[in-house]
Amino acid sequence: MESKPHQTKTQRFFIALIPPDQIQAEANAIRQEFADRFNSRKAFNAPPHITLQPPFQWPVAMADRLTATVADFSSQRAAFAVQLQGFGAFSQGVVYINVSPSDTLMQLQADLSQVLIDQLEIRDRNPYRSYCPHMTVAFRDFTRSAFEQAWPEFEQRPYDATFTAQHLTLLIHRQRWEIYRSFALQ
C-alpha cells in the first residue's frame, strides 16, 4: 500500500499597514455607504488597510519563522507619515481611498518584498504588477452598474487624512481576514 506524502497545513496571510481607529472608523463608514447604497459588502472581509505584501500561502507550523522575519524587518524601520487623499478606482468594480505614494512608503514596500523573497521565498503571484498603495472601500461584489452610478460621485468627493504608520501587521485568513500579529516600527 502506497502512503500519501505528508501535507503541511497552510494558511493565507498578508502584510499591511493598519490605520489608527479614527481612520478605520471613517473608512468603515464609507464601506457601509457602499453596502447600503450599492449592495457592496466584500470590503468588510478585512479591516481597513494598505497592503504591503499581497496574500500568500504559508505553513502554519512555520508561523514563528514568518513572524520572526517580519519582526526583525520592522525593528529596523522608522515610523512614518501616511497621507490619504481623495478616491481612486481600479477597473470597474474597485473603489479605494488614495494613498500618496511617498518615497518612504514605496521603499518600505520594496524592501519588505525583497526580504520576503530572500529569506522566505515568498513572492507576489503577479511580480510584474507595480505597487499602487490604496485602501479599498468597494470591490468584488461591486457591480458594473453600481460602479457607473457611484464613481462620478466618489471621483469628486474630498477625503483628506494623515496618520503615522507605527506598525506592520500580519493578517491571517480564517473565516475572514483577522489580525494575527503587529510589529512595531521604531
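Predicted, not measured: the structure shown is a model, and the values here were computed from it. (Residues numbered from 1 in each chain as written. Predicted model: local features only at pLDDT ≥ 70, side-chain atom pairs only at ≥ 80, totals over all residues. Heavy atoms only, no water.)

Asker: So what exactly am I meant to see when it comes to the overall build of the protein here?
Answerer: Helix and strand counts for the protein come out as 4 helices and 8 strands. Ordered by position in the sequence, the α and β elements of the protein form the string β-α-β-α-β-β-α-β-α-β-β-β. Each principal axis of the C-alpha atoms in the protein carries an extent, and together these give about 60 × 45 × 30 Å. Looking at the protein as a whole, 44% of its 186 residues are labelled buried. Summing over all exposed atoms, the protein offers an accessible surface of approximately 10500 Å²; the carbon and sulfur share of this is 47%. The protein carries 18 positive and 18 negative side-chain charges, and their two centres are separated by 7 Å. (Helix = DSSP H or I, 4+ residues; strand = E, 2+ residues; numbered from the N terminus. Buried < 20%, exposed > 50% of the residue type's maximum accessible area, 1.4 Å probe, protein only. Areas by Shrake-Rupley, 256 points an atom, 1.4 Å probe, with all protein chains shown as cover. Lys, Arg positive; Asp, Glu negative; His and termini not counted. Charge placed at Lys NZ, Arg CZ, Asp CG, Glu CD.)

Asker: Explanation requested: a positive patch on the surface in the structure shown.
Answerer: Judged by side-chain charge, Arg12, Lys42, Arg125 and Arg140 come together as a positively charged surface patch. In this fold, arginine 12 is placed in strand β1 (residues 10–17). (Patch = residues over 30% accessible without salt bridge, like charges linked within 9 Å, V, L, I, M, F, W, Y side chains within 5 Å. Salt bridge = Lys/Arg side-chain N within 4 Å of Asp/Glu carboxyl O.)

Asker: Teacher, can you tell me more about the confidence of the model for the protein here?
Answerer: Atom-level detail of predicted coordinates should not be read off regions where pLDDT is low. In the predicted model, the protein carries a mean pLDDT of 93, and the fraction of residues at 70 or more is 96%. This model gives residues 1–6 a pLDDT under 50, and the stretch forms 0 contacts once residues within four places in sequence are excluded. (pLDDT = per-residue confidence, 0-100. Contact = heavy atoms within 4.5 Å.)

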